Amino acid sequence: GAGVSQSPSNKVTEKGKDVELRCDPISGHTALYWYRQSLGQGLEFLIYFQGNSAPDKSGLPSDRFSAERTGGSVSTLTIQRTQQEDSAVYLCASSSSPPGSGNTIYFGEGSWLTVV
Amino acid sequence: GQQLNQSPQSMFIQEGEDVSMNCTSSSIFNTWLWYKQEPGEGPVLLIALYKAGELTSNGRLTAQFGITRKDSFLNISASIPSDVGIYFCAGQLGAQKLVFGQGTRLTINP
């Protein structure tokens, strides 16, 4: 499709297991964001990729969280040794480069992660 | 993490009423965005503002980029049941990360 695509849409995992969440941004978009949203809460910034620049990782809550973006397109968010507090919706968004006038940011539908 | 101050946190109104919500920040932005999120969906862009003082409308929605570049408001006129959802403001400076408000949950009584 033409929008931001995320997979899986739902994931239930056991505490302590690792999970990978995938984001396919809109074709041609070089800026990619990951946000986390807990139930009924706002959007918490995790990480931001902008072209070939070093990513802004300032929002990653712990070293169990990491993300990479291969070939300037698809991104994978990895959570190691998952904890129950990691349960949330993980949202990916993308925009044209550079973000600014006329370059709006579009969100995927999110990956719902439940750690049991 | 860094967030904008969005208010009110929730609103309960009657169908047909007008709605107003706003966001303030201690730092300036050069882009303000307003999103709406419905249950089970990702946020969807409603209005984008790129210039201080800019006033933009999208149907029954009107938003303004504050002159100080530290605030923005969103108004919804003559609310209808499908306006229900959570509304988020977001600000961005240059190529830095997009920062979100905490959201305003809108409930409408028919």
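For clarity, every value in this text was computed on a predicted model and none was experimentally measured.

Draft legend 1. Focus on the overall build of chain B. Looking only at helices and strands, chain B has zero helices and 11 strands in total. Each helix and strand of chain B, ordered N terminal to C terminal, gives the series β-β-β-β-β-β-β-β-β-β-β. Over its C-alpha atoms chain B spans a radius of gyration of 13 Å, differing by no more than 12% from the 13 Å that the globule rule assigns to 110 residues. If one aligns the C-alpha atoms of chain B with their principal axes, the spans along those axes are about 40 × 25 × 20 Å. Counting over 110 residues, chain B shows a buried share of 44%. For chain B, the proportion of contacts with a sequence separation of at least 24, taken over those separated by at least 6, is 54%.

Draft legend 2. View of the sheet that holds strand E1 (residues 5-7) of chain B. All names here are of chain B. The antiparallel open sheet is built from five strands, whose spatial order is E1-E3-E8-E7-E6. Whereas interior strands pair on both sides, the edge strands pair on one side only; in this sheet they are E1 and strand E6 (55-58). Within this sheet the neighbouring strands show an average axis-to-axis angle of 15°, counted without direction. Bridge analysis of E1 against strand E3 (residues 19-24) gives three bridges, and the strand direction is antiparallel. Across the sheet, residue Gln-6 finds its bridge partner in E3, namely Cys-23.

Draft legend 3. Spatial organisation of the confidence of the model for chain A. Counting all residues, the mean pLDDT for chain A is 90, and 93% of those residues have values of 70 or more. Put simply, strand E9 (residues 106-107) of chain A is where chain A has its lowest mean pLDDT, 89, and strand E7 (residues 75-79) of chain A is where it has its highest, 98.

Draft legend 4. Layout of the layout of surface pockets. The calculated volume of the largest pocket comes to roughly 400 Å³. Considering the residues around the largest pocket, the lining is formed by 25 residues, among which Leu-39, Gly-40 and Trp-112 of chain A together with Pro-39 and Gly-40 of chain B are closest to the centre. Broken down by secondary-structure element, the contributors of at least two residues to the lining of the largest pocket are strand E8 (88-95) and strand E10 (111-115) of chain A together with strand E9 (85-92) and strand E11 (104-109) of chain B. In terms of residue class, the lining of the largest pocket is built from 10 nonpolar, 11 polar and four charged.

Draft legend 5. Quick peek at the interface of chain B and chain A. At the interface, 24 residues of chain B touch 23 residues of chain A. Area buried by chain B at its contact with chain A is led by Tyr-50, Lys-97 and Phe-100 of chain B, which between them contribute 29% of it. Run the count over chain B and chain A and you get zero salt bridges. Where chain B meets chain A, there are four residue pairs in polar contact (both at pLDDT 80 or more).

Draft legend 6. Representation of the nonpolar core within the structure. The biggest cluster of nonpolar side chains holds 22 residues, and the ones touching the most others in it are Trp-32, Trp-34, Leu-74 and Leu-106 of chain B. Mapped onto this core, the elements with two or more residues apiece are strand E2 (10-14), E3, strand E4 (31-37), strand E5 (44-49), strand E7 (61-65), strand E8 (71-76), E9 and E11 of chain B. Not counting the four nearest positions on each side in its chain, Leu-74 of chain B is found in contact with Val-19, Ser-20, Met-21, Trp-34, Leu-46, Ile-47, Leu-61, Thr-62, Ala-63 and Tyr-87 of chain B. Counting residues in hydrophobic clusters, the runner-up holds 20 residues, among them Leu-46, Leu-77, Leu-113 and Val-115 of chain A.

Draft legend 7. View of the environment of Gly-59 of chain A. Residues and elements named next belong to chain A. Mapped onto the secondary structure, Gly-59 falls in the loop between strand E5 (44-50) and strand E6 (65-69). Judged by relative accessible area, Gly-59 falls into the buried class, the value being 15%. Residues Gly-59 and Phe-107, 48 residues apart in the sequence, show an inter-C-alpha distance of 18 Å. If near-sequence neighbours (up to four positions away) are discounted, Gly-59 is found in contact with Glu-44, Phe-45 and Leu-46.

About the thresholds
- Residues numbered from 1 in each chain as written.
- Chains lettered and ligands numbered in written order.
- Predicted model: local features only at pLDDT ≥ 70, side-chain atom pairs only at ≥ 80, totals over all residues.
- Heavy atoms only, no water.
- Helix = DSSP H or I, 4+ residues; strand = E, 2+ residues; numbered from the N terminus.
- Rg over C-alpha atoms; globule rule 2.2 N^0.38 Å.
- Buried < 20%, exposed > 50% of the residue type's maximum accessible area, 1.4 Å probe, protein only.
- Contact = heavy atoms within 4.5 Å.
- Pairing = 2+ DSSP bridges.
- Axes fitted to C-alpha atoms, helices over the stretch in contact; angles between N-to-C directions.
- pLDDT = per-residue confidence, 0-100.
- 1 Å grid on protein atoms, 1.4 Å probe; cavity = no way out; pocket = protein on both sides within 12 Å on 5 of 7 lines; lining within 4 Å.
- Points joined across faces, edges and corners; volume = space filled by probe spheres on them.
- Nonpolar A, V, L, I, M, F, W, Y, C, P; charged D, E, K, R; others polar.
- Buried area = accessible area lost by both parts, 1.4 Å probe.
- Salt bridge = Lys/Arg side-chain N within 4 Å of Asp/Glu carboxyl O.
- Polar contact = N/O pair within 3.5 Å; in protein donor to acceptor, adjacent residues only side chain to side chain.
- Core = buried A, V, L, I, M, F, W, Y, C linked by side-chain atoms within 4.5 Å.

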